[in-house]
Amino acid sequence: MVIKLDESRTHIISALVLNKPGVLQRVAGLFTRRGFNIENITVGTSEQENLARMTIIAKGDEKVLEQITKQLNKLIDVIKVRDLDPEITVKRELCLIKVHTATEKVRSEVIQYANIFRGRIIDVSPETLTIEITGPPEKIEALIDLVITFGIKEVARTGPTAISRGIKTI
Amino acid sequence: MKGGEAIIKSLTDQGVDTVFGYPGGVLLPLYDVIYDSNLRHILVRHEQCAAHAADGFARASGRVGVCIGTSGPGATNLITGIATAYMDSSPIVAIAGQVATGLIGNDAFQEVDTIGITMPITKHNFQAMKAEEIPGMIKSAFYIAGTGRAGPVVLDLPKDVQEEEFEYELSKDLELPGYKPTKKGHPLQVKKAAKMILNSKKPVILAGGGIILSDSSKELLRLSEIIEAPVTTTLMGKGSFPEDNPLSLGMLGMHGRKVSNLIVDECDCLIAIGCRFSDRTTGLISEFANNAKIIHIDVDPAEIGKNVDVDIPIVGDAKIILKNLIDVVEKVKNVNKTESEWLKHVLKFKQTCIPRLSFDEIPLKPQQVIKELSEAITDDTIVTTDVGQNQMWMAHYFTSRNPRKFISSGGLGTMGFGFPAAMGAKIAMPDNDVVAVCGDGGFLMVCQDLATIKEYEIPVVICVLDNRRLGMVSQWQKLFYNKRMSHTDLGQSPDFVKLAESFGVSAESVEKPGEMRETVEKAILSGEPYLIDVIIDPEEILPMVPPGCGLTEIVGEYKVERETAGEILYKPIGKEKSGD
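Reading the values: the criteria
- Residues numbered from 1 in each chain as written.
- Chains lettered and ligands numbered in written order.
- Predicted model: local features only at pLDDT ≥ 70, side-chain atom pairs only at ≥ 80, totals over all residues.
- Helix = DSSP H or I, 4+ residues; strand = E, 2+ residues; numbered from the N terminus.
- Contact = placed C-beta atoms within 7 Å.
- Rg over C-alpha atoms; globule rule 2.2 N^0.38 Å.
- Buried ≥ 20, exposed ≤ 12 C-beta atoms within 10 Å, placed from the backbone.
- Pairing = 2+ DSSP bridges.
- Axes fitted to C-alpha atoms, helices over the stretch in contact; angles between N-to-C directions.
- Domains from an automatic or database assignment.
- Nonpolar A, V, L, I, M, F, W, Y, C, P; charged D, E, K, R; others polar.
- Parallel < 35°, antiparallel > 145°, perpendicular 65-115°, else oblique.
- Left-handed = near helix turned anticlockwise from the far one by under 90°.
- Core = buried A, V, L, I, M, F, W, Y, C linked by C-beta atoms within 7 Å.

Participant: Got a minute to help me understand the overall build of chain A in this structure?
Facilitator: For chain A, the count of helices and strands is four helices and nine strands. In chain A, the share of contacts with a sequence separation of at least 24, taken over all contacts with a separation of at least 6, comes to 74%.

Participant: What's the story with the overall build of chain B in this structure? I'm lost.
Facilitator: In terms of helices and strands, chain B carries 22 helices and 18 strands. Against the compact-globule benchmark of 25 Å for 580 residues, chain B has a radius of gyration of 24 Å, which places it among compact chains. Dimensions along the principal axes, computed over C-alpha positions, put chain B at roughly 75 × 60 × 45 Å. Per-residue burial over chain B gives 56% buried out of 580 residues. Taking as baseline every contact in chain B between residues at least 6 positions apart, the subset at least 24 positions apart corresponds to 76%.

Participant: Whenever I open this one, the sheet that holds strand 4 (residues 78-84) of chain A confuses me. Can you help?
Facilitator: Two pairing modes exist for strands in a sheet, parallel and antiparallel, and in both the strands are linked by backbone hydrogen bonds. All names here are of chain A. Read across the sheet, four strands follow the order 2-3-1-4 without closing on themselves; strand pairing throughout is antiparallel. Because the sheet does not close on itself, it has two edges, and the strands there are strand 2 (37-45) and strand 4. On average, each strand axis in the sheet is tilted by 20° relative to the strand beside it, whichever way the strands run. Direction of pairing for strand 1 (residues 9-18) relative to strand 3 (residues 51-60): antiparallel, over a ladder of 10 bridges. Bridge pairing in strand 3 places L16 opposite R53. Each of strand 1, strand 3 and strand 4 touches helix 2 (residues 62-74); the most contacted strand, strand 4, lies at about 160° to it.

Participant: Looking at this model, I keep getting lost on unusual backbone geometry. Mind explaining?
Facilitator: Among all residues save glycine, negative phi is the norm, and among peptide bonds the norm is trans. Residue and element names in this part refer to chain B. Of note, the amide linkage connecting I362 to P363 takes the cis form, showing an omega dihedral of 0°. Relative to the helices and strands, P363 resides in the loop between helix 14 (341-352) and helix 15 (366-376). Between S493 and P494 the backbone carries a cis peptide bond, its omega angle lying at 0°. Looking at where P494 falls in the secondary structure, it is placed in the loop between helix 20 (471-480) and helix 21 (496-502). A positive phi is found at D215, a non-glycine position, where the angle reads about 55°. Locating D215 in the fold gives a position in the loop between helix 9 (209-213) and helix 10 (217-227). Positive phi, normally seen in glycine, also occurs at K483, with a value near 55°. Position of K483 relative to the elements: it lies in the loop between helix 20 and helix 21. K483 sits in the exposed class, given 9 other C-beta atoms within 10 Å.

Participant: What is the right way to read the domain arrangement of chain A from this model?
Facilitator: A common measure of how large an interface is: the accessible area buried when the components associate. Residues and elements named next belong to chain A. As assigned here, chain A comprises domain 1 (9-84) and domain 2 (90-163). For domain 1 and domain 2, the distance between their C-alpha centroids amounts to 29 Å. Of the residues lining the interface, eight residues belong to domain 1; the matching set on domain 2 comes to six residues. Of all the elements in the fold, those that place two or more residues in the side of domain 1 that touches domain 2 are strand 1, strand 2 and strand 3. Tallying contributions element by element places strand 2 first for the side of domain 1 that touches domain 2, with three residues. Looking at the side of domain 1 that touches domain 2 residue by residue, the classes come out as four nonpolar, four polar and no charged.

Participant: Sorry, what's going on with the interface of chain B and chain A here?
Facilitator: Between chain B and chain A, the contact holds 16 residues from the first and 19 residues from the second. Classifying every residue of the side of chain B that touches chain A gives nine nonpolar, four polar and three charged.

Participant: How should the sheet that holds strand 2 (residues 40-43) of chain B be read in this particular structure?
Facilitator: Residues and elements named next belong to chain B. Pairing in this open sheet of six strands is parallel, and the strands run 2-1-3-4-6-5 from one edge to the other. Edge positions in the sheet fall to strand 2 and strand 5 (124-127), since each has one partner strand and no second. Between one strand axis and the next, the sheet turns through 20° on average, direction left out of account. Bridge analysis of strand 1 (residues 18-21) against strand 3 (residues 65-69) gives two bridges, and the strand direction is parallel. Note on strand 3: the bridge partner recorded for F20 is C67. Across the sheet, helix 4 (residues 73-87) is in contact with strand 3, strand 4 (92-98) and strand 6 (153-158); its angle to strand 4 comes to roughly 165°.

Participant: How should the packing of helix 1 (residues 3-13) of chain B against helix 6 (residues 134-146) of chain B be read in this particular structure?
Facilitator: Angle between the axes and distance between the axes are the two parameters that describe a pair of packed helices. Residue and element names in this part refer to chain B. At a minimum axis distance of 9 Å, the contact between helix 1 and helix 6 shows a crossing angle of 30°. In terms of their interaxial angle, helix 1 and helix 6 are classed as roughly parallel. The two elements helix 1 and helix 6 cross, and the hand of that crossing is right-handed. Residues G3, A6, I7, S10 and L11 of helix 1 pack against I134, P135, I138 and K139 of helix 6. In the contact of helix 1 with helix 6, the residues fall into six nonpolar, two polar and one charged.

Participant: Please explain the packing of helix 1 (residues 23-34) of chain A against helix 2 of chain A as it appears in this structure.
Facilitator: All names here are of chain A. Where helix 1 contacts helix 2, the axes come no closer than 11 Å and their chain directions differ by 135°. Between helix 1 and helix 2, the interaxial angle falls into the category oblique. For the pair helix 1 and helix 2, the sense of crossing is right-handed. Note on element contacts: helix 2 touches helix 1 through Q67, Q71 and L72, opposite V27, L30 and R34. Broken down by class, the residue content of the contact of helix 1 with helix 2 amounts to three nonpolar, two polar and one charged.

Participant: Explain the pairing of strand 10 (residues 269-273) of chain B here, please?
Facilitator: Every regular strand shows the same layout, with side chains that alternate between the two sheet faces. Residues and elements named next belong to chain B. For strand 10, a buried count of five out of five residues is recorded, marking the element as mostly surrounded by other parts of the structure. Relative to strand 10, strand 7 (residues 203-207) is paired through five bridges, and the arrangement is parallel. Following the sheet pairing, P203 is matched in strand 10 by C269. Both strand 10 and strand 11 (residues 293-298) contribute to a ladder of five bridges, which runs parallel. Within strand 11, the position partnered with I271 by the bridge is I295.

Participant: Explain the nonpolar core here, please?
Facilitator: Side chains that are nonpolar tend, in soluble globular proteins, to be buried together. One finds C67 and C463 of chain B to be the most contacted residues of the largest nonpolar core, which totals 199 residues. When residues no more than four places from it in sequence are discounted, the contact partners of C67 of chain B are V19, F20, G21, A50, A51, A53, A54, L78, G81, I92 and A94 of chain B. In this structure, I131, I133, I140 and V147 of chain A belong to the second largest nonpolar core, which totals 11 residues.

Participant: Explain the domain arrangement of chain B to me, please; I cannot follow it from the model alone.
Facilitator: Residues and elements named next belong to chain B. Looking at chain B, the domain boundaries give domain 1 (3-163), domain 2 (187-352) and domain 3 (366-535). The C-alpha-based centres of domain 2 and domain 3 are spaced at 31 Å. In this complex, domain 2 contributes 14 residues to the contact, which on the side of domain 3 involves 14 residues. Per-class residue counts for the side of domain 2 that touches domain 3 are five nonpolar, five polar and four charged.

Given below as structure tokens:
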């Protein structure tokens, strides 16, 4: 018997899929049906015209991950699947945060925080500021934790998308 | 050309001569084309039977079976048959009508999301939004269904697309960049496997349905002879290896033969080919083949390591891999010098637990019924089963010698499969006799298709093993639920002989030993559809491995053919198993 690598960790799976209707449903349905835990999924066009790139964040041990990639590969509309090595992968997320800014003091504090995190203020109203921030999910969490005390009205996150460093492609 | 004409032309181009179907509103344009075509259309009486018949057609012949149902309820009625084909990797193409493209999403009359519903139970599915897509789609559908790990493909065809005029054009190439099934096994893995087999002292082969699908029974026989390995099969693998061969152990698993279950537990090298280690085959996974290194050959990479951890996986077509494996092993090993210790031990033990088949009791014992059935048919007879006790009795007691001659719903376990599958098998293989062994419960689920076999004069012999109950469920109630027989008694209705006769199908009832053989022979000779109502002992129980137990923990009396003094204890050769 082979040794089980049953340590559960978060995996970043990058998949090239045909860019046509129903593909997301096939992938999402597969995850539900096989009982795989999907934390996040982002889809967008890729460098090739008819292909889309999916970035899937899923948790599981090596055995689960192996099944995920194999089952994904079985889908006719899926062209390539790769479990990205977290060590050499760049992961980024976009987040929009609408913060309640009741006073002038709060307003300037929020702007300062946004600047520290290299965020941008993209909308202003008498009582709110909206920050745009990109980065790894941890950085976004950190900013949210800071401004939460002022009162967050709304948060919209894209979920992480990822690409491997260097010349390597999937 | 119109879309509907393109469908028929494309089907014909794929070599399709027969389809099983049921028309409906949105299929009117297609059926209008069928009216003038040379395609043989079998009008079933329920779409589920169309799908099962296409499945039986595929399993009996190896060709892709085709079924047709209308939108909405027509499509949902096909579902059970599609799921059955999916679980058992049977190549069928199911064509479903759909409401016109402009109405899709509006909850139109007889609209259902066929694509969404069939996604998890098909290898792939297609929806044509333009007639020009039809030729390529149908070509792709047949290619996907029949290659790699076979399986069902659904085509969803809206009404207006069937009517649309277009310029017929079929490109040579299929546009399937994401579908490249592996055929050849990795040579290094083959070498490793050969080495492991040659180093093993107690090898066993576990043959699954993949042997039948890849047509590699000859190679399997050859390999087993060279390496002197006994062969056990899964339910789907039944017929892949001649069960009257001394090396055959019969089926493995929950309802498997005692010899199979105990020998697999003892073996030191398990060569599993074209099987998926279903829970019904392995029993409790942690107890399965614990003394063995496992080699797993399968065409579907996702099956490797899914249920059982394997030591040497080889992905590819079983026929090619077996040929390679035989080549490598043959170079090293001389064939059949003397019988190995292992084989002597296996054969000796096998002799002690050959199941008893002869019983002269009334009501009839299923073993006796199967024995007489076997005497009445030939090696060319195709036997289908339903699901439940009838199926497991057949799997356990019936000796199958050839591939594609034992057809059963293994994975999904679909009651009502046996009869329509037999109908499809007979259409595919008109020169072979076809016998369906059903239970009374399962047969009643599909009995309306007696009309189909009568109208088309499809000479299928239906044997209803009639115990007036849901035998398998009641067996579990008896064994595991304190004999609380909740809703498993089917009562005295109907009279199966009269039922058949009302459809114009000849029928008679069998109650005593000796009658079964006579009646089956007569039924086959009649050359007409025939139903035999076999009154069997409702109390008969097949020994089994309780759910959640290891394969050696068989409960129920295992009645053996040869009476020997006292109970023969099973003694594994070699080292005793350690306590952990």
